[in-house]
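Structural overview for review
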Amino acid sequence: MKCDNCQKEQIWLEMIGANFYCHRCIQKHKILGLVFRTNTEAFKKIMKKLKPKNYEEYIQLERKQIEPIVNLRKYGIRLKTTNIIEL
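How each quantity is defined
Throughout, residues of each chain are indexed from 1 in the direction in which the sequence is written. A pLDDT threshold of at least 70 governs which residues receive local features in this predicted model, and a stricter bar of 80 or more applies before side-chain atom pairs are shown or counted, although totals over entire chains, interfaces and linings include all residues. Think of the side-chain values as coming from all heavy atoms in the structure, minus any hydrogens and water. We define a nonpolar core as any set of buried Ala, Val, Leu, Ile, Met, Phe, Trp, Tyr and Cys residues linked to one another through side-chain atoms lying within 4.5 Å. Think of it in three bands: with a 1.4 Å probe and only protein chains considered, a residue is buried below 20% of the maximum accessible area for its type, exposed above 50%, and partly exposed in between. Helix and strand assignments follow DSSP, with helices taken as H or I runs no shorter than four residues and strands as E runs no shorter than two, numbered in order from the N terminus. In what follows, a contact means two residues having at least one pair of non-hydrogen atoms within 4.5 Å. Helix axes are fitted only over the stretch in contact, all axes being lines through C-alpha atoms; the angle between N-to-C directions runs from 0 to 180 degrees. To sort the angles, those under 35 degrees are grouped as roughly parallel, those over 145 as roughly antiparallel, those from 65 to 115 as roughly perpendicular, and the leftovers as oblique. By the convention adopted, Pro, Cys, Tyr, Trp, Phe, Met, Ile, Leu, Val and Ala count as nonpolar, Lys, Arg, Asp and Glu as charged, and the other residues, Gly among them, as polar. Ring pairs shown here join Phe, Tyr and Trp side chains whose ring centres sit within 6.5 Å, with only the six-membered ring taken for Trp; geometry is labelled stacked below 30 degrees between planes, edge-to-face above 60, and tilted in between. Of all possible arcs, the one meant is that of the directions from the helix axis to the C-beta atoms. We call two N or O atoms a polar contact when they sit within 3.5 Å, provided that within protein one can donate a hydrogen and the other can accept it, with sequence-adjacent residues counted only if both atoms are side-chain atoms.

Next up on the list: the nonpolar core. Of all hydrophobic cores here, the largest spans 22 residues; its most connected members are L32, F43, M47 and Y58. Listed by contribution, the elements that provide at least two residues to this core are α1 (23–26), α2 (30–38), α3 (40–50) and α4 (55–59). With residues near it in sequence (within four places) discarded, M47 still touches I16, L32, P52, Y58 and L61.

Shown next as C-alpha cells:
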C-alpha cells in the first residue's frame with residue numbers, strides 16, 4: 001500500500017482519520033512520533049481518544065491535549081519542558 005502523505009510504498013501503515021500513513025510521516029510529529037516509537041499501544045489509545053480527521057489535524061495536536069489522556073512517564077517517555085532557563 002502507499003502512504004497518502006509521501007506516496008511511498010510501505011508494508012505497514014497506520015490509519016489516521018480516513019487515510020493511511022507510514023511510520024516516517026507519523027514520526028514527523030515530535031511528541032506522537034516519540035510515543036509511536038516507544039509504545040504503539042499508547043499511540044493507538046491517543047489516536048482513539050483524540051480522533052484526528054486528517055494528517056494536518058494530527059500535526060496540529062499539542063502537548064496539553066496529549067498529556068491528560070496518557071501518562072507518558074509510565075511508558076518511559078520524558079519530555080523537555082520549555083520553562084527551564086539554564087544559567
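From this point, things continue past the structure.
Residues of α2 that are buried include every one of I31, L32, G33, V35 and F36, and no others. Among the structural elements, β1 (14–16), α1, α3, α4 and α5 (63–66) are those in contact with the buried residues of α2.

Attention now moves to the packing of α2 against α3. At a minimum axis distance of 6 Å, the contact between α2 and α3 shows a crossing angle of 135°. Our classification of the angle between α2 and α3 gives oblique. Counting all contacts with α2, which are made through L32, V35, F36 and T38, the residues of α3 involved are T40, A42, F43, I46 and M47. When the residues that make up the contact of α2 with α3 are grouped by side-chain class, the tally is seven nonpolar, two polar and no charged.

Once that is clear, we can look at the packing of aromatic side chains. A full pass over the atoms with the stated rule returns four aromatic pairs. Between the aromatic rings of F43 and Y58, the centroid separation amounts to 6.5 Å while the plane-to-plane angle is 80°, which identifies the pairing as edge-to-face. Taken together, the residues span a long stretch of sequence, with F43 in helix α3 and Y58 in helix α4 at a distance of 15 residues. You can call Y58 buried: its relative accessible area is 0%. Judged by centre distance (5.9 Å) and plane angle (35°), the ring pair of Y55 and Y58 falls under tilted. One end of the pair is Y55 and the other is Y58, both in helix α4 and three residues apart, which spans about a single turn.

Mapped onto the elements, Q10 comes out in the segment before β1. When residues no more than four places from it in sequence are discounted, the contact partners of Q10 are M1, C22, H23 and R24.

A few words now on α3. Within α3 the residues assigned to the buried category are A42, F43, I46 and M47. The arc that holds every buried residue of α3, seen down its axis, measures 140°, which confines them to one face. More than 90 degrees from the buried face of α3, the exposed residues found are E41, K48 and K49. Lining the buried residues of α3 we find β1, α1, α2, α4 and α5. The N-capping residue of α3, defined by a side-chain oxygen 3.0 Å from the backbone nitrogen of E41, is N39. Remark: K51 follows α3 within two positions and exhibits a positive phi of approximately 50°.

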